[in-house]
Number of protein chains: 2
Amino acid sequence: MRQEIFDAIWKLRRDSKSACLSYVDEDGYPVTRAMLILEHEQIHTQYLSTNTSSSKIAALKQNPKASLYYCDPASFQGVLFAGDIKVCTDSSTKELLWRDGFEKYYPKGATDPDYCVLKLTVKRGSHYHGLCNTQFTPEELE
Amino acid sequence: MRQEIFDAIWKLRRDSKSACLSYVDEDGYPVTRAMLILEHEQIHTQYLSTNTSSSKIAALKQNPKASLYYCDPASFQGVLFAGDIKVCTDSSTKELLWRDGFEKYYPKGATDPDYCVLKLTVKRGSHYHGLCNTQFTPEELE
């Protein structure tokens, strides 16, 4: 039974093209933004790309607590990964997530100072299926 | 120009069947859940229904700071309404949001003690369209 839920969590993680990133702003309010999911390989560590000048970077540097929510309304399922985000500006992490077409947003390429990567280290998760809620740790899914 | 953005915000609010509710849990992590949008009439006050025993009720009673995020990935648009949530258990607010079919979840009807209503009083909002971000207050849209 628990394995079926873990399979569903992996499917949500692998099939989603976008997810909702939430963080807490300087006034203590949660802020949510849709983000493209560019890699689908791990549960424990998840990477997102964004622009360095965005307001979320300033907020995440102040308070790294964040979550990433993948949702499939058609199957009434969602999974929330909660953890801490590190803002990465080193070239190897930035190259990891660089994709063709990004030049449109970051003309200087993978080294563009306005391009950076968010690294979420997941501490715990929750899977929702209808009224059923399952808590898990990332270690259980690896 | 600003009026066009306000029209787009109203369209997102009116056309969305669901939105992402975010709040902050007792450990300070943002938690996001998809919620059905059952009414679409105001910007300043927005109502959601949920079950009293859900973990979000306990968290919102501790910390009422919340946000509701409506998103249309097809048009690269989203709108975030941030404000405070009051958990309403009075019968008139509960009846306001009661819909046919809710008996399946709350067998005792609109007075079922496990059924309650979240009332979000919006303080401020952000509209996102691609890389363009517009801040607004609910008063500007009424």
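Residues numbered from 1 in each chain as written. Chains lettered and ligands numbered in written order. Predicted model: local features only at pLDDT ≥ 70, side-chain atom pairs only at ≥ 80, totals over all residues. Heavy atoms only, no water.

Some details on the interface of chain B and chain A
Our working rule: Every residue pair with non-hydrogen atoms within 4.5 Å of one another is taken to be in contact. Here the quantity called buried area is the accessible surface, traced with a 1.4 Å probe, that two parts lose on coming together, added over both. We define a salt bridge as a side-chain nitrogen of Lys or Arg found within 4 Å of a carboxyl oxygen belonging to Asp or Glu. Helix and strand definitions follow DSSP, with helices as H or I runs of at least four residues and strands as E runs of at least two, each counted in order from the N terminus.
Counting residues at the interface gives 28 residues for chain B, matched by 28 residues for chain A. With both chains or domains summed, chain B and chain A bury close to 2,300 Å², and 57% of this area falls on carbon and sulfur atoms. Our count for the contact surface shared by chain B and chain A stands at four salt bridges. Between Arg124 of chain A and Asp25 of chain B there is a salt bridge; the shortest N-O distance is 2.6 Å. Put simply, the parts of the chain that give the side of chain B that touches chain A at least two residues each are strand E1 (18-24), strand E2 (30-36), strand E4 (65-72), strand E5 (77-88) and strand E6 (115-129) of chain B.

Here we look at the pattern of salt bridges
Worth spelling out the cut-off: Burial classification: accessible surface area is computed with a 1.4 Å probe over protein chains only, and a residue below 20% of its type maximum counts as buried, one above 50% as exposed, and the rest as partly exposed.
The final tally for this structure, using the stated rule, is twelve salt bridges over all chains. Asp15 of chain A is paired through a salt bridge with Lys11 of chain A; the nearest N and O atoms lie 2.6 Å apart. Of this pair, Asp15 of chain A and Lys11 of chain A both sit in helix H1 (residues 2-15), four residues apart, which is roughly one turn of the helix. Among the residues examined, Asp15 of chain A registers a relative accessible area of 49% and is labelled partly exposed. Since its relative accessible area comes to 53%, Lys11 of chain A is described here as exposed. What emerges from the salt-bridge pattern is a single network uniting Asp25 and Asp27 of chain A together with Arg124 of chain B.

A look at H1 of chain A
Residues and elements named next belong to chain A. Note the following rule: Multiplying one less than the number of residues by 1.5 Å gives the expected span of a helix.
Taking 1.5 Å of rise per residue, 14 residues should cover 20 Å, and H1 covers 20 Å from first to last C-alpha, within 8% of that figure. Within H1, burial applies to Ile5, Phe6, Ala8, Ile9, Trp10, Leu12 and Arg13. Looking at the packing, one finds that the buried side of H1 touches strand E3 (45-51), strand E4 (65-72), strand E5 (77-88), strand E6 (115-129) and strand E7 (132-136).

Some points on unusual backbone geometry
The residue Phe76 of chain A is not glycine, and still its phi comes out positive at about 55 degrees. Structurally, Phe76 of chain A can be placed in the loop between E4 and E5.

Some thoughts on the relation of the copies chain B and chain A
Put simply, the rule reads: Superposing the copies works by least squares over the C-alpha atoms of residues that have pLDDT at least 70 in both of them.
Rotating chain B by 180 degrees and moving it 0.0 Å along the rotation axis overlays it on chain A with an RMSD of 0.0 Å. Expressed as an axis order, the relation between the two copies is that of a two-fold axis. Considering only C-alpha atoms, the residue of chain B closest to the rotation axis is Pro30 of chain B, which sits at 3.0 Å. Both copies contact each other with a shared surface, as 100% of the interface residues of chain B are interface residues in chain A too.

Some details on the environment of Gly78 of chain A
All names here are of chain A. Tracing the backbone shows Gly78 in strand E5. Taking the C-alpha atoms as reference points, Gly78 and Ala8, 70 residues apart in sequence, are found 9.4 Å from one another. Residues within four places of Gly78 in sequence aside, it is in contact with Leu12, Tyr69, Tyr70, Cys71, Ser126, His127 and Tyr128.

Looking at the side chain of Thr50 of chain A
All names here are of chain A. We count it as follows: The definition of a polar contact used here is a pair of N or O atoms within 3.5 Å, where within protein one atom must be able to donate a hydrogen and the other to accept one, and adjacent residues in sequence count solely through side-chain atom pairs.
In this fold, Thr50 is placed in strand E3. Here Thr50 falls in the buried class, since its relative accessible area comes to 4%. In this structure the side chain of Thr50 is engaged in a polar contact, spanning 3.5 Å, whose partner is the side chain of Asn51.

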